[in-house]
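The residues making up each chain are set out below.
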Amino acid sequence: MSSRAVAPPGCDVLVVGAGIVGLAHAAEAVSRGLSVVVVDRDARAVGASVRNFGHCCVTAQSGELLELAQAARERWLRHSRDAGFFSVESGALAVAQSSRELAVLDELSASREPGQVQLLSTQELRARFAAIGGSAVVGGAVLRDDVRVDPREAVGGLAAWLAAQPGVTFLWRTAFLGGSSGVAETSRGTISATRIIVCVGHDLDYLYPQLSADHEIERCALQMALVTSPASVRISAAVLTGTSMLRYPAFAETIAAVDLSIELTETDPLLIEIDANIMFTQRPDGTLIVGDSHRYAETIDPFLGESTSRLLLARVARVLGVNRLRVLQRWQGVYASSVQHPYLVAEPERGVTAVTVTSGVGMTISLGLAAKVFATLD
Ligand SMILES: Cc1cc2nc3c(=O)[nH]c(=O)nc-3n(C[C@H](O)[C@H](O)[C@H](O)COP(=O)(O)OP(=O)(O)OC[C@H]3O[C@@H](n4cnc5c(N)ncnc54)[C@H](O)[C@@H]3O)c2cc1C
């Protein structure tokens, strides 16, 4: 996996972008016995795919996204075994801090097969998840099918494993400049490929501005932090809260979510103002990835508001029942967002397929989406 590697004279598939969407397509191509070249303009993936929670949020999806997420779940677990990176079939824990939040969980549970959304009383929740010490917690639910990876390890680990497969070449620090009909121009020369699959995330507008505009794609920026684990915290499940219930489709589509939205707007308007999704995941070293807020724009203002950061940390501390959290790192993550559809698959040029996940579910669906894309190319 060297940036000095030389491109083969031709390949079946050229994948542009080594984030999870690009890697998902490279893995799918490999599973079909195709030769693959992956180019990325950076020396390693440092985009959205390493900045997230590593949460494959399966259970709270609905419709087609749920199908894609279930297909992705099975692939995450397989790749984790093959490539040797951390994954855990932890499920997720949705923590309720009001009766309206409980009502959302109740309604979702009733609509699903038994066991997929397991309701917990406060006592059951505390017995199973000692880390959740917040006095406001009134119950919750385990979302059975969710899995987790450590994004900082999984994306690099999957790329390294793919690079070791026969017929696969990675060209890092190589920017795709454009192409069609099997010929790609890159910053290191021309590569010929039967099919070019462009997976450049929120930077789609740099390559295909009209396509991006037609699909109303803009950037969504999230504030995140890594904190040390408060003494007793050991929790393998991803932890979601009431704000998550306004965001993930299966929650948001419940009738009870309407009342919850009204309640949260009245009781915690600052959270609504920053469009928060208060959640956290624990990395294998015990540190917690906490977040997040959402800001939408074509070009993102680079300055991070400290009040947003403080609010996010305070609300996570409240769930854990601790006074404060010690911050080790802060960062901003950016993903593509569209009001039209959660993902885009289009052919901007002959022989070129552009794939961008346009909502915050790239880790959840990409490995399933790639299979769907290849099925349509067959
Ligand atoms: C803070 C945060 C938290 C999130 N949490 C979750 C979560 O828990 N679960 C979930 O499902 N999703 C989550 N998401 C969404 C998910 O991370 C994204 O949907 C997904 O990572 C997008 O993957 P990508 O490959 O499209 O983008 P990226 O990871 O950004 O990769 C795009 C790649 O393309 C390369 N590139 C761009 N232009 C070119 C070019 N011209 N030539 C060559 N290379 C190029 C870039 O260098 C980059 O490596 C989160 C996102 C963020 C930001």
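It should be emphasised that the depicted structure is a prediction, and the values quoted were computed from it without experimental measurement. (Residues numbered from 1 in each chain as written. Predicted model: local features only at pLDDT ≥ 70, side-chain atom pairs only at ≥ 80, totals over all residues. Heavy atoms only, no water.)

Engineer: Now, about the pattern of salt bridges: what can you tell me, with residues and values included?
Structural biologist: Enumeration over the complete set of coordinates arrives at 17 salt bridges. With a closest N to O distance of 3.4 Å, Glu28 and Arg75 form a salt bridge. Here Glu28 is found in helix 1 (residues 20-31), whereas its partner Arg75 is found in helix 3 (residues 63-83), with 47 residues between them in sequence. Given a relative accessible area of 8%, Glu28 falls into the buried group. Taking relative accessible area as the criterion, Arg75 reaches 16% and is therefore assigned buried. In this structure, Glu89 engages Arg73 in a salt bridge whose closest nitrogen and oxygen atoms are separated by 3.3 Å. Placement of Glu89 in the loop between strand 4 (87-88) and strand 5 (92-96) and of Arg73 in helix 3 is noted, with a sequence separation of 16 residues between them. A residue is classified by how much of its surface remains accessible, and Glu89, at 54% relative accessible area, is exposed. Overall, Arg73 belongs to the buried group, its relative accessible area being 15%. Linked by salt bridges that have partners in common, Glu28, Arg32, Glu74, Arg75 and Arg78 make up one network. (Salt bridge = Lys/Arg side-chain N within 4 Å of Asp/Glu carboxyl O. Helix = DSSP H or I, 4+ residues; strand = E, 2+ residues; numbered from the N terminus. Buried < 20%, exposed > 50% of the residue type's maximum accessible area, 1.4 Å probe, protein only.)

Engineer: Explain the domain arrangement of the chain residue by residue, including any values.
Structural biologist: Domain annotation of the chain identifies domain 1 (10-50 + 152-214 + 341-377) and domain 2 (92-144 + 217-338). Using C-alpha coordinates to define each centre, domain 1 is positioned 31 Å away from domain 2. Between domain 1 and domain 2, the contact holds 16 residues from the first and 11 residues from the second. For domain 1, the biggest contributors to the area lost against domain 2 are Arg152, His202 and Thr358; these three give 51% of the whole. For the interface between domain 1 and domain 2, the tally reads eight residue pairs in polar contact (both at pLDDT 80 or more). Within the residue set of the side of domain 1 that touches domain 2, elements represented by two or more residues are helix 7 (204-207) and strand 20 (352-357). Among the elements that line the side of domain 1 that touches domain 2, the one with the most residues is helix 7, at three residues. Among the residues forming the side of domain 1 that touches domain 2, the class breakdown is five nonpolar, eight polar and three charged. (Domains from an automatic or database assignment. Contact = heavy atoms within 4.5 Å. Buried area = accessible area lost by both parts, 1.4 Å probe. Polar contact = N/O pair within 3.5 Å; in protein donor to acceptor, adjacent residues only side chain to side chain. Nonpolar A, V, L, I, M, F, W, Y, C, P; charged D, E, K, R; others polar.)

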